[in-house]
Amino acid sequence: MKKWPIPEGVQHCLDILRKAGCAAHPVGGCVRDLLLGRTPGDYDVCTSAYPEQVMGLFEHTVPTGIQHGTVTVLTEDGPVEVTTFRREGGYSDGRHPDGVTFDAGLTQDLARRDFTINAMALGPEGEVVDPFDGRDDLNAGIIRCVGEPDRRFAEDALRMLRAVRFAAQLGFAIAPETEEAIRRNAGRMARVSGERIKAELEKILLSPHPERAGELLRWGLLSHLWPVCSCPDLSCLRELPPQPIPRWRGFCAATGFPIECLPVERALRRGVRHPEEEVLRRLALSGGELAALGLKGREIGAAQRKLALHVLEHPEDNRCDKLMELLKLD
């Protein structure tokens, strides 16, 4: 019996379902992370119990997606999404199933998932249930669709961005047939909301391999927002702090991508478009010192902005004596 470091609250959730005669399995990303030796950020459970049964078995639940079989169980270790084994109908909007039926078993439930590394579950004895060879792909460092990739991307176009995001976060390659399908289906991204695109792109930019964001441009995944399908080498992004403003700024500066194409928060947009504002807060010459030099009102602001733009290009010059010298030169 394999003993996995599953939190007590999650294990209690599994035990309650199993004692009620229902199948229950940790599934998806938590299994992937456990196999990689990582601590999962959250746990999902799939079960043969119907949503109403799940809500009856636990005292604290939230019907977060009951029409799709998902109930969130609130445990001492945080929320656990419990979803009934299901099959999915058509995807007329290219993002969400038109309907689901709860007449599936574990293998059928895993078959509807996006990538093989996310289509694994743990059995009652800790065994890895892996009908699509996800463990082999995990060991080989490959992102591969479950089944036919064109079908997976027709069901949910966001999966194309997720493929690149997982590759960037894990340092994996994308299987050739999966990459080819992404290129063929790139036009489907027009159906995905700007909010979801922004979220996935930001996760790529903040990953250990932010240069993989270039694949979104080269493969045409952003062409409905910005009709450019070329991209320079973005390996320089790795040298920037893994924070939103520096990484977005570096991406937009290197590629020309207009951040206004996406619904980003105002602070991020200003941080990208006006990088000198970040420098203003740490200028070695304060506003009071500028006033002591005889500058007034708007003159102080103009001088600070001019100095900030200089320091942005020459950070080594952010010294009081050097900034004073620059002002005298002006």
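Residues numbered from 1 in each chain as written. Predicted model: local features only at pLDDT ≥ 70, side-chain atom pairs only at ≥ 80, totals over all residues. Heavy atoms only, no water.

**Some points on the side chain of threonine 84**
One can find threonine 84 in strand 5 (residues 78-84). Separated by 2.7 Å, the side chain of threonine 84 and the backbone oxygen of alanine 49 make a polar contact. The residues contacting threonine 84, other than those within four sequence positions of it, are Thr47, Ser48, Ala49, Tyr50, Pro51, Gly69, Phe102 and Asp109. (Helix = DSSP H or I, 4+ residues; strand = E, 2+ residues; numbered from the N terminus. Polar contact = N/O pair within 3.5 Å; in protein donor to acceptor, adjacent residues only side chain to side chain. Contact = heavy atoms within 4.5 Å.)

**A closer look at the packing of helix 11 (residues 244-255) against helix 12 (residues 266-273)**
Closest axis-to-axis distance for the helix 11/helix 12 pair is 9 Å, and the angle between their directions is 50°. As judged from the angle between their axes, helix 11 and helix 12 are oblique. Like other packed secondary-structure pairs, helix 11 and helix 12 cross with a definite hand, here right-handed. Residues Pro244, Ile245, Trp248, Arg249 and Cys252 of helix 11 form the contact with helix 12, whose participating residues are Ala267, Leu268, Gly271 and Val272. Residues of the contact of helix 11 with helix 12, tallied by class, amount to seven nonpolar, one polar and one charged. (Axes fitted to C-alpha atoms, helices over the stretch in contact; angles between N-to-C directions. Parallel < 35°, antiparallel > 145°, perpendicular 65-115°, else oblique. Left-handed = near helix turned anticlockwise from the far one by under 90°. Nonpolar A, V, L, I, M, F, W, Y, C, P; charged D, E, K, R; others polar.)

**As for the nonpolar core**
Ranked by internal contacts, the top residues of the largest apolar core, which has 68 residues, are Leu17, Ile143, Leu201, Leu221, Trp248 and Phe251. For this core, the leading source of residues is helix 7 (residues 158-170), giving nine residues. Excluding residues that lie within four positions of it along the chain, isoleucine 143 makes contacts with Phe115, Ile117, Ala163, Phe166, Ala167, Phe172, Ala173, Ile174, Ala175 and Thr178. Counting residues in hydrophobic clusters, the runner-up holds 11 residues, among them Val279, Leu307, Val311 and Leu323. (Core = buried A, V, L, I, M, F, W, Y, C linked by side-chain atoms within 4.5 Å. Buried < 20%, exposed > 50% of the residue type's maximum accessible area, 1.4 Å probe, protein only.)

**Here's the deal with unusual backbone geometry**
Phi at aspartate 133 is positive, roughly 60°, even though this residue is not glycine. Within the secondary structure layout, aspartate 133 lies in the loop between strand 9 (128-129) and helix 5 (134-140).

**Describing the pattern of salt bridges**
A complete count under the given rule lists 19 salt bridges for this structure. Across the pair arginine 112 and aspartate 109 runs a salt bridge whose closest N-O atoms are separated by 3.2 Å. Exposure remark for aspartate 109: the relative accessible area of 0% places this residue in the buried category. When the shortest N-O distance is used, the salt bridge between arginine 183 and glutamate 179 registers 3.1 Å. Highlighted residues: arginine 183 and glutamate 179, both in helix 8 (residues 176-185), separated by four residues, approximately one helical turn. Classification of arginine 183 by relative accessible area gives partly exposed; the value is 43%. Of the residues examined, glutamate 179 reaches a relative accessible area of 23% and is grouped as partly exposed. (Salt bridge = Lys/Arg side-chain N within 4 Å of Asp/Glu carboxyl O.)

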